[in-house]
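# Notes for the structure review
So the chains spell out like this:
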Amino acid sequence: MGRADFSYDFPHDRLITVDDLNPLDIQIIFERAEHWLNVNRSPDKKHDVLRGLTQINLFFEPSTRTLASFELAGKRLGADVVNFTASNSSTKKGETLADTARTLAAMRPDLLVVRHASTGAADLIHRETGIATINAGDGMHSHPTQGLLDLFALTRRIGDVGGKRILIVGDILHSRVARSDVGMLNLLGAEIRLCAPPTLLPVDVDRWGADIFHNLDDALEGCDAVITLRLQRERMSGAFIPSTREYFHFWGVSERRLELANPECVVMHPGPMNRNVEIDSALADHPERSLVLDQVEAGVAIRMAVLEQLGVRARKNEELRR
């Protein structure tokens, strides 16, 4: 395949949160992700959908899988990809984020992928530059492509999540993944359960459209999928849990505990994992119950689909301006 062969006019010039999307957007992204997933399993993975476009990955936080995933996605679509990380950023010398954004915009890139520790950073960069922008994670706020890839991987395994009971367990307070997953699950009509110690739940969690549990055994009853979250100790400024051993005892997901859920229940983790803290190591590697590696594979395909949509729109807008 050369140029994009779909007719849907993607109506957005950015992806900052999953709230930017409607159900049709998600359907199209999933369809295109399925296409790119199959392409990625073929010998010829390189295509020219974004040939001639420049993608800058602007990462102010450490990242391995997300940065690699976006880089691989852009290159497989034919874009020129530049990685710009915090270690070589002028913000280290006192430059403001807005000035950095305007400087990069003067270089005329077509797509920006932004990760930053501050909520709203990607939105600020988009407003300052007008360039098509994807939020790759901003503080504890949002990580929309993670929400998309989690639900894409899950629907490929269990089908439509509408009416299905999905549990998210772990450090919900500090998790942008939890917020994006809940947004996606609400949009797609799932029954959502959240489970965590009281210290790791946001104060506004009662407005998230989910049932709240503190006891994991109770929360697991009848679940079709469990999404475990990493303990984000780098964001914790106090004693949120007594110890990792005690945390695993009360909130760690294991094969034994999963027996309380539906027989076909699957388990997920956005990574990186703390094995035998959030999830039992054997369960994380289980060939039938674990979708952890499915999520990684889905990440490249979803990001290709999102870059494709935004890139094609950016190209059309540029042609209209000429």
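Check the entry above for the structure.
Residues numbered from 1 in each chain as written. Predicted model: local features only at pLDDT ≥ 70, side-chain atom pairs only at ≥ 80, totals over all residues. Heavy atoms only, no water.

### As for the overall build of the protein chain
Counting secondary structure elements, the protein chain contains 11 helices and 10 strands. C-alpha extents for the protein chain along the principal axes are approximately 60 × 45 × 35 Å. For the protein chain, buried positions account for 55% of its 322 residues. For the protein chain, long-range pairs separated by at least 24 residues make up 75% of all intrachain contacts whose partners lie at least 6 apart in sequence. Taken as a whole, the protein chain presents about 14000 Å² of accessible surface, with 49% of it coming from carbon and sulfur. (Helix = DSSP H or I, 4+ residues; strand = E, 2+ residues; numbered from the N terminus. Buried < 20%, exposed > 50% of the residue type's maximum accessible area, 1.4 Å probe, protein only. Contact = heavy atoms within 4.5 Å. Areas by Shrake-Rupley, 256 points an atom, 1.4 Å probe, with all protein chains shown as cover.)

### So, helix α3 (residues 97-105)
Among the residues making up α3, those that are buried are Leu97, Ala98, Thr100, Ala101, Leu104 and Ala105. What you see down the axis of α3 is that its buried residues fit within an arc of 160°, all on one side. Residues of α3 that are buried sit in contact with β2 (54-59), β3 (80-85), β4 (111-116) and α4 (121-129). (Arc of directions from axis to C-beta.)

### Observations regarding the pairing of strand β9 (residues 225-228)
Neither face of β9 is open: one carries Ala225 and Ile227, the other Val226 and Thr228, and all of them are buried. Examined bridge by bridge, strand β6 (residues 165-169) and β9 share 4 bridges and lie parallel to one another. Across the sheet, residue Val169 finds its bridge partner in β9, namely Thr228. When β9 meets strand β10 (residues 266-268), the two strands line up parallel, connected through 3 bridges. In the sheet register, Ala225 faces β10, and the bridge partner there is Val266. (Pairing = 2+ DSSP bridges.)

### Comments concerning the sheet that holds β4
Across the sheet, 5 strands lie side by side as β1-β5-β4-β2-β3; this open sheet has parallel pairing. Lying at the two open borders of the sheet, with one neighbouring strand each, are β1 (14-15) and β3. The sheet contact formed by β2 and β3 spans 6 bridges and is parallel. Note that in β3 the partner of Leu58 across the bridge is Phe84. Along the sheet, α4 contacts β1, β2, β4 and β5 (132-138); its crossing angle with β4, the most-contacted strand, is approximately 145°. Docked against the sheet, helix α11 (residues 292-321) engages β1, β2, β4 and β5, running at close to 150° with respect to β5. (Axes fitted to C-alpha atoms, helices over the stretch in contact; angles between N-to-C directions.)

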